[in-house]
Every structure is written in structure tokens, then in C-alpha cells.
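Fold and geometry: a report
What follows is the residue order along each chain.
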Amino acid sequence: MNQEAAKSDYISEVRGPSTSTDRQCLQEILEGDDQALAELYSRYRTGVFNYSLRILGDREAAEDILQEVFVAVWQGASGFRHHSSVKTWIYRIAHNMTVSWIRKQKRITTNIEEVPETQDDPEEASVINWRADEVRSALDQLNPIHRATVELAFVHDLSYAEIGEVLDCPTGTVKSRMSNAIKQLRRILNTRSGLNER
Amino acid sequence: MKSWLGRYMRGYLPAYVNATLGPVQKRLFERWLSFDDSLNDELDQLAGLRSAVQSQPLMSPDPFVLRRIMTAADSGMVLPRTTWRPSLVWPAVAALLVLSALLLWRALPPGLEISWSLEGATPESFRVYRAPVDASANDDFSLIGELPAQTGVNRYDYLDLRLVPGQQFVYQVEAVDGSGNTVTSQALIGNSLEALPRQLLFLSIFTVISFAIWSMLRQYRSVISTPAHLAL
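Residues numbered from 1 in each chain as written. Chains lettered and ligands numbered in written order. Predicted model: local features only at pLDDT ≥ 70, side-chain atom pairs only at ≥ 80, totals over all residues.

The subject of this paragraph is the packing of helix H7 (residues 144-155) of chain A against helix H4 (residues 37-54) of chain B. Between two packed helices, what matters for the description is the angle formed by their axes and the separation of those axes. It is the contact of H7(A) with H4(B), at a shortest axis distance of 9 Å, that shows an interaxial angle of 100 degrees. As the angle between them shows, H7(A) and H4(B) are arranged roughly perpendicular. Across from A:Val150, A:Phe154 and A:Val155 in H7(A), the residues of H4(B) making contact are B:Arg50, B:Val53 and B:Gln54. In the contact of H7(A) with H4(B), the residues fall into four nonpolar, one polar and one charged. (Axes fitted to C-alpha atoms, helices over the stretch in contact; angles between N-to-C directions. Helix = DSSP H or I, 4+ residues; strand = E, 2+ residues; numbered from the N terminus. Parallel < 35°, antiparallel > 145°, perpendicular 65-115°, else oblique. Contact = placed C-beta atoms within 7 Å. Nonpolar A, V, L, I, M, F, W, Y, C, P; charged D, E, K, R; others polar.)

The biggest cluster of nonpolar side chains holds 67 residues, and the ones touching the most others in it are A:Leu37, A:Val69, A:Val73, A:Ile90 and A:Ala94. Considering every element that reaches this core, the biggest residue donor is helix H3 (residues 34-56) of chain A, with 11 residues. If we ignore the near neighbours within four places in the chain, the residues touching A:Val69 are A:Val48, A:Ile90, A:Ile93, A:Ala94 and A:Met97. With 12 residues, the next largest nonpolar core counts B:Tyr129, B:Tyr158, B:Ala175 and B:Ala195 among its residues. (Core = buried A, V, L, I, M, F, W, Y, C linked by C-beta atoms within 7 Å. Buried ≥ 20, exposed ≤ 12 C-beta atoms within 10 Å, placed from the backbone.)

The residue A:Asp168 is not glycine, and still its phi comes out positive at about 60 degrees. Position of A:Asp168 relative to the elements: it lies in the loop between helix H8 (160-167) and helix H9 (171-192). The residue B:Ala19 is not glycine, and still its phi comes out positive at about 55 degrees. Tracing the backbone through its elements, the reader meets B:Ala19 in the loop between helix H2 (13-17) and helix H3 (23-33).

To continue, consider the environment of B:Leu66. If you trace the backbone, B:Leu66 turns up in helix H5 (residues 64-74). Take B:Leu66: there are 18 C-beta atoms within 10 Å of it, and that puts it in the partly exposed class. Sequence-distant contacts of B:Leu66, defined by excluding residues within four places in its chain, comprise A:Ala38 and A:Tyr41.

Below, the structure is given as C-alpha cells:
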């Protein structure tokens, strides 16, 4: 599939099929209808695949995780609690599997708490239009949890509460992780632009 | 105040940028935005950052992934879990709690235990009476329990749960035979404070057990709501 097709898939995911339709799919999956699984897969494959891929940077692993996510959806449809949307549920599964994969590879070297806090002074914050390729490269330097938070907020347009459901943490934690991730991105980008760190 | 509120509002910038703020928060945020220039600058910067994040190339998975999923689903190796599983959880939890309480009750009776042993013929039943320790007349004794005697059993006990903190009581046990004849035991004094350590221990251990069961249930729910073997 080319990038355009992936984009069109993804746009339909972001705009979102109605939640009830997703839930209908899950109901049909519970009745053993594998076509409903294929339907759900077609809605979320691009988002889930790119989510894992960007955090792991490993195409094969991201494909394995995509496969495991939808096998888990097939297996665990009855475990879906109707407190959240199907979308956040699927992303939560994807996130758990992605983090598990990282742990297996022992690639997490930086704990979230170890990320140094910076005090932004808004009065001194300079407005810079960073180049997209610089931002993409800076994103790769974020730790997985910060990267996940940024991806879920800016790419998948989830609210803080939904991100909290995916990452299994309180909304306040999401807010501070998002804030730390942005500070870190700014620091990386400003350093590259030759500015002093704030 | 302004600085604290500014920092608070700044935390909601990303949510404002991705349009996920609720109507009330959005209104408040826009109000703040109307007079905080630095926040406006950051908003522009963040919107640019978001566009850059969104501009990452989108990749597509290999079509073979779907085939592998469908093969796994069709092969019956993985079947959708049936819906009865979660509904069994709550009765199981309730049964576990009751069982723990019963075992704990046996191990640490949370009251004053009155014990007596039987010598001679087995009566039909026993009546347990209680009176405040300062009672002067027999009339102050009130019947608090009755239990049948059992052939071959010569040791009995009764657990008094209706205690008053700090209050001492006098207990008497009366053996009643089939003809209504009675034999009364010697009086025994019991202090409700004697039961306090056991009551506290009972409550503490039961709280710990309940918490452990709740944690296990949480773990179970996490396992069934996210794929098994991969729950964080």
C-alpha cells in the first residue's frame, strides 16, 4: 500500500467511524464473525502500526505488534469494558504491547522521572518555526513514554483523559508528561538552532 | 496568582491545539488567551510543532499481517472469549471474601468467648445468660443465647458479640434437660476489653485480605481487558 492510501486510511480513522459502529464490530467479533475483525483492522491498522513503528523504529516489530493487537482484540473482545471507546481500548493494547516489546529488548534506558525538568519562562520563550524534518528527528530522541504521549495527542488527537486510558495513568500525569515532552522537544530543537537552553 | 494560573493554563495548550478541551475549559482558556500574549506566542509555536509531528510519513503494514491475523482467527487457535467469564468474577470474589471471613472468624473470634465443659449426662440444651458486673439481683441476667447439646461433645463455647466498650459482664450457663430441669454454672466475669486485640487483628487481617483480592481482581480485569501475557 502506498503512502497516499495509508494517509486516506488514517484520515478515516482520525475522523472516526462512529463509536457505535466500532462497538457493533466488537459485538460481531464476539459472535465469531471474523469479517468484523477485518473491518476493525482496516480502520485502525495504519494508526496502530505507525504508533508502534514510531516508538520502536522497527518495522518488523511494529508488524508483529499489529498482528498481536488484533489477535488480542479477537481473543479479548468480551473483556472490553464499555467505559472507554473502542479506539482507546485498541490503542491501550497497542501501547502495552509496544512497551512490553521495549522491555523485552531492554531498550528503555531512561526512566520518565529521570528526564530533567526545565522551568520555561514564557516571557522569554521565543517563537521559532522549526522545520518539519528537524521536529521529526527531535521526536526520535524523546523517551518512549513522552513520544507516545505526543503521538497520541498530536497525531491521534486524543484528549488528556483518553491518553490517560491508553497509558493507564491519571489525567494530571498525562498533562505533566505532555508538558515535559514539549519542553524536551523545544530544548532539542533550540540546541540545534544554536540557541542557549532555557 | 497570574503566574500560577498562567502555568496551569499552559498545561492545557496541547489539548487546546488538538481541540479536545471541553466547552467550559475551552471558554476559560480562550478568555485567558485573550490577554496573555506569551500564551498566544506559545500557541502558535505549538500549532507549528503539531503540524510538524503530523507531517511524519505514514507507513502501511504488509498486507500479509491481515492474512496472518485471519488465519489465526479462522484456525480456531484463538477463539473469542465467551461473555460469561466476567460475570463469574463477582460471585467468585464474594465467595472468597466470605470464606476468608469464616476462616478468620474461627481463628480470631472477634468477641468474648465463653467456654464450658460438661460432666455427666448430656442435657438437651444450654442457655447463656449475661448481666452487668455490678448487678445485684438475679433478675438482671438476660438470656443472650441458646444452643443445643450434642451427644459425645463435652466442650462448648459461645461467642458474645454484643459487647459494650469497657463494660464487664457476668456470664452464667444453664444446662436444661428434657424435663425442663436446670443446672446453673458458676458465674464467670468477662471484660469486653479482652476481645479488643482480637477484634482489631480480625479487622486488620480482613482488610489486608480484601485488598489482596481486590488487587487480584484488578490484575484479572487488566488481563482480560488487555491481551494476556502483555498487561503492564
